[in-house]
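Report on the structure
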Amino acid sequence: MMNRHSPRFQMPLQLLLLLQLCLSVASIEARQVQEARCTVCPDGSPITNPTGELNVPGFGVQSCAVISGLVGTLFPLEDPNCKLLHSVSTACGCPSQATNPCQLCGDGIQVPDSKQELPLSYLDESVNYDGVNCKLLEVYFNSSIESDDLTCQLSQAWTKEYCCSADEWVPPVTPCPICVQNPNATIDLGESLTCEQVQEAAATLWEESDPNCAQVQSVTGPVCGCDDSGSSTGEDVPMCTLCKDASNVTTPDKLVPFMADRFFGIEPTCQQLEEATRALAMDSKDCSDAQLISSYCGCPSVENACVFCPKPGDAITTPTRKHSNTLKRYGEDVTCEQVEAVLLQFSQDTDECFLGQEHNWECGCNDGFYGYLGTESKSDILALHWASRVSGILSVLGSLFIFQDFLRGEDKKNLYRQIMFLMSMFDFITAVGWVVGAAAIPTTDMNGYDSNVVGASGNDDLCTAQGFFVMLGYGSGFFNNSLSIYYLFVVVYGWKDYQLRKVRPYLLTVPIVCALSLAFGGIPFYESVWIGCWMLPRPYTDDWTAVGFSVGPIITTVIISTVCQIRVYWSVRATLRKARRWSMDHRLSQRSLKDKYTYNAPSNSSSQFSMATTQEKKPQE
């Protein structure tokens, strides 16, 4: 019996296989005449990197040379598998289908060798390719995706550290948690991803503390069936619309650069912003923030809307400059064009409108002139500054006269004189601060721009020091309270020196402690107030700061002094009324009234003389 492995047996078998292959090729070539066949390169050009490798559906990883020889045989041109090969064809040296191909790691930078095999399995379904990794994603984008495509920009932002950093990748210790109740719900993030894919991506790429994690959570919450806290809502959530009236934006292609921080560093268009807001819950903060800038994209403004540059024909000239008032008041670092758009969602009588317009000169409104405190020209500003300095100089002189009187006087232990001396000392400190005036104000604002305050030549430390000493001026008001209480004890209650010694420590130390507490407590809040540095009033600061460091102390000192003086007044008035009863004028007036109303009935015989007698008595009296 012939062995099947013998040469005589193998020869007919090889001939049979060769004949079968020839027949198959002939059959395929006959079909190729009728339909176009797939090529590795989409434009039909030959490959230039035959040693490159790709994963061919059904055949595993093969070299580009092998794929080039088989692909025409295996797939027609319109076959989905052929299109899949085209989407990664640059791996074989084919030209890109994109005019300006997307570079995953940026221009001229490739995925490091150490990270080429890092898995991105959450993209397997989107790319329709098993085993997506950093290298394959780079090839995919370079083969078929434009650089300005949102999919490219989003992937660049998401995988920057994961695929492109030279540092070794360390998996998240506490992966970003994405609550998913609806795993198959889709979210449009440039590329449609299911909630399950986003959940896997977040757990792969980010720590829970990463800003990207918070952004994704805010977008996925309503769509994936969870609220912002990560718990299931269990009910339909009203979804956000960019325009409050649910109308469409009128400038869909306009870029919104100041929203890039909410789009993973990508500058979205108005249309993309509109689409993204539809994934937010109506009552979420992100929805409110988006609606605030909706006028930038052409959404209707509110009735009686605030106009950033109210002067007719005026307009901003520095749209990208940072607006300092919003940073001071709200901690939001926004540009002039943002403020202009946001103010259209506020009416003219709001604090937001006032704060925006008050610093609109920064953006080129009013020809760049900063008319603070109602001034309309530089001469008005100079008059305002010198009025403050002159009043400060007069206060300094008055305090010096009181110092001189106290130091030259003999009774330095007198409580009244001690209160007056300390009151003048605090007044002197504050007056010197106001004499310094705008010289302590920093030359630049919080954003590094010129502060545009006349006479400003200081810095943050000098401004804080001036604010501290000006705040000490409240000590003068507190000592005024001590003086009023002193009058109360002496005038109303008639206290003597030995009794006043009991309250001397309180009347002299409590004002000092209160003044120092306010001065030290206000250190974080001292800012430029145009003619110097002190505590910003409302609406430049929040209500509690304004009340605690400005309105509250003033009202307190006024109430204490007023109550004490009213009590002293009524006491003195009552004393004067009692003393008046024993004055000569009072006694004479009382006697005159008594004589006037006393009636003596005359006899018939003397009636004709009674009037004359009465008239004679009056001169004698």
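Residues numbered from 1 in each chain as written. Predicted model: local features only at pLDDT ≥ 70, side-chain atom pairs only at ≥ 80, totals over all residues. Heavy atoms only, no water.

1. Structural notes on the overall build of the chain
- The secondary structure content of the chain amounts to 22 helices and six strands.
- Put simply, of all contacts in the chain between residues at least 6 apart along the chain, 68% involve residues at least 24 apart.
- Entry remark: accessible area of the chain is about 34900 Å², with carbon and sulfur atoms responsible for 57%. (Helix = DSSP H or I, 4+ residues; strand = E, 2+ residues; numbered from the N terminus. Contact = heavy atoms within 4.5 Å. Areas by Shrake-Rupley, 256 points an atom, 1.4 Å probe, with all protein chains shown as cover.)

2. A closer look at a positive patch on the surface
- Positive charge collects at one region of the surface, where Arg573, Arg577, Lys578, Arg580 and Arg581 lie side by side.
- Within the secondary structure layout, Arg580 lies in helix α20 (residues 543-580). (Patch = residues over 30% accessible without salt bridge, like charges linked within 9 Å, V, L, I, M, F, W, Y side chains within 5 Å. Salt bridge = Lys/Arg side-chain N within 4 Å of Asp/Glu carboxyl O. Lys, Arg positive; Asp, Glu negative; His and termini not counted. Charge placed at Lys NZ, Arg CZ, Asp CG, Glu CD.)

3. Thoughts on helix α5 (residues 134-144)
- Counting buried residues along α5, eight of its eleven residues qualify, which places the element largely inside the surrounding structure.
- Summarising the contacts, the buried residues of α5 are in contact with α3 (80-86), α4 (124-127), α6 (150-158) and α7 (160-164).
- N-capping of α5 is provided by Asn133, with a side-chain oxygen placed 3.2 Å from the backbone N of Lys135. (Buried < 20%, exposed > 50% of the residue type's maximum accessible area, 1.4 Å probe, protein only. Polar contact = N/O pair within 3.5 Å; in protein donor to acceptor, adjacent residues only side chain to side chain.)

4. Details of the side chain of Ser165
- Structurally, Ser165 can be placed in the loop between α7 and β3 (186-189).
- Judged by its relative accessible area of 13%, Ser165 falls in the buried class.

5. Here we look at the pattern of salt bridges
- One pass over the full model with this rule turns up four salt bridges.
- For Asp367, the salt bridge identified is with Lys311, shortest N-O distance 3.8 Å. Taken together, the positions of Asp367 in the loop between α14 (351-358) and α15 (378-408) and Lys311 in the loop between α11 (285-292) and α12 (324-330) put the pair 56 residues apart, joining distant regions of the chain.
- Among the residues examined, Asp367 registers a relative accessible area of 70% and is labelled exposed.

6. With respect to the confidence of the model for the chain
- Averaged over every residue, the pLDDT of the chain is 81; residues scoring 70 or more account for 84%.
- Taken element by element, the chain is modelled with least confidence in helix α22 (residues 607-620), mean pLDDT 45, and with most confidence in helix α18 (residues 474-492), mean pLDDT 94.
- Confidence drops under a pLDDT of 50 for residues 1-19, and excluding neighbours within four residues, the segment shows six contacts in the predicted structure.
- Low pLDDT (under 50) marks residues 605-621, which in the prediction has three contacts with non-local residues, meaning those over four places away or in another chain. (pLDDT = per-residue confidence, 0-100.)

7. Brief notes about the packing of helix α16 (residues 415-436) against helix α17 (residues 460-471)
- Following both chains from N to C, one finds α16 and α17 inclined at 140°, their axes separated by 7 Å at the closest point. Along this stretch, α16 crosses α17, giving a crossing that reads as left-handed. Of the residues in α17, those touching α16 at Ile429, Thr430, Gly433, Trp434 and Val436 are Gln466, Phe469 and Val470.
- Partitioning the contact of α16 with α17 into residue classes produces five nonpolar, three polar and no charged. (Axes fitted to C-alpha atoms, helices over the stretch in contact; angles between N-to-C directions. Left-handed = near helix turned anticlockwise from the far one by under 90°. Nonpolar A, V, L, I, M, F, W, Y, C, P; charged D, E, K, R; others polar.)

8. Quick word on the environment of Val223
- Mapped onto the elements, Val223 comes out in helix α9 (residues 211-223).
- Counting along the chain gives 29 residues from Val223 to Thr194, while the straight-line C-alpha distance between them is 9.8 Å.
- Apart from residues lying up to four places away in sequence, Val223 is in contact with Asn182, Ala185, Thr186, Ile187, Cys195 and Ala279.

9. What to know about a nonpolar patch on the surface
- A cluster of nonpolar side chains, namely Leu382, Trp386, Val390, Ile393, Leu394, Leu397, Leu400 and Phe401, defines an oily patch on the protein surface of about 780 Å² accessible area.
- Locating Val390 in the fold gives a position in helix α15.
- Exposure remark for Val390: the relative accessible area of 43% places this residue in the partly exposed category.

10. Things to note about the nonpolar core
- Leu120, Trp158 and Val256 are the most contacted members of the largest nonpolar core, which has 79 residues in total.
- Here this core takes six residues from α5, the largest share from any one element.
- The next biggest cluster of nonpolar side chains, apart from the first, holds 41 residues, and it includes Phe489, Tyr526, Val529 and Trp534. (Core = buried A, V, L, I, M, F, W, Y, C linked by side-chain atoms within 4.5 Å.)

11. Structural notes on the state of the cysteines
- Applying the stated rule across the entire model yields 14 disulfides.
- Here Cys134 engages in a disulfide with Cys163; their sulfurs sit 2.0 Å apart. Around the S-S axis, the bridge from Cys134 to Cys163 shows a dihedral of about -70° and counts as left-handed. Of this pair, Cys134 sits in helix α5 while Cys163 sits in helix α7, placing them 29 residues apart in sequence. A single burial state applies to Cys134 and to Cys163, both of which are buried. (Disulfide = S-S within 2.5 Å.)

12. Remarks on the environment of Phe403
- Note that Phe403 resides in helix α15.
- Residue classification places Phe403 among the buried residues on the basis of a relative accessible area of 14%.
- In this structure, the C-alpha to C-alpha distance between Phe403 and Leu422, residues 19 residues apart in sequence, is 9.2 Å.
- Once residues lying within four places of it in the same chain are set aside, the contact partners of Phe403 are Phe421, Ser424, Met425 and Phe428.

13. A few points about empty space enclosed by the protein
- Under the definition given, this model contains two cavities of 30 Å³ or more.
- Put simply, the second largest cavity is a space of about 40 Å³.
- Lining the second largest cavity, in full, are Val56, Gln62, Val66, Ile67, Leu70, Val71, Leu74, Phe75 and Leu85.
- With five residues, helix α2 (residues 64-74) is the largest single contributor of residues to the lining of the second largest cavity.
- Considering only residue class, the lining of the second largest cavity consists of eight nonpolar, one polar and no charged. (1 Å grid on protein atoms, 1.4 Å probe; cavity = no way out; pocket = protein on both sides within 12 Å on 5 of 7 lines; lining within 4 Å. Points joined across faces, edges and corners; volume = space filled by probe spheres on them.)

14. Notes on the packing of aromatic side chains
- Inspection of every chain in the model, using the stated rule, returns 18 aromatic pairs.
- Its guanidinium or amino end placed over the ring of Tyr296, Lys254 lies 3.8 Å from that ring's centre, counting from NZ or CZ.
- A cation over an aromatic ring shows up here: Arg389 above the ring of Trp386, its NZ or CZ 5.1 Å from the ring centre. (Phe/Tyr/Trp six-rings, centres within 6.5 Å; stacked < 30°, edge-to-face > 60°. Lys NZ or Arg CZ within 6 Å of the ring centre and 35° of its normal.)

15. Details of the packing of α18 against helix α19 (residues 497-521)
- At a closest axis distance of 8 Å, the pairing of α18 and α19 adopts a crossing angle of 160°. On the basis of the axis angle, α18 is roughly antiparallel to α19. Seen along the crossing, α18 lies across α19 with a hand that is right-handed. Together, Tyr474, Gly475, Phe478, Phe479, Ser482, Ile485, Tyr486, Phe489 and Val490 of α18 and Leu500, Val503, Leu507, Leu508, Pro511, Ile512, Cys514, Ala515 and Leu518 of α19 make up the contact between the two elements. (Parallel < 35°, antiparallel > 145°, perpendicular 65-115°, else oblique.)

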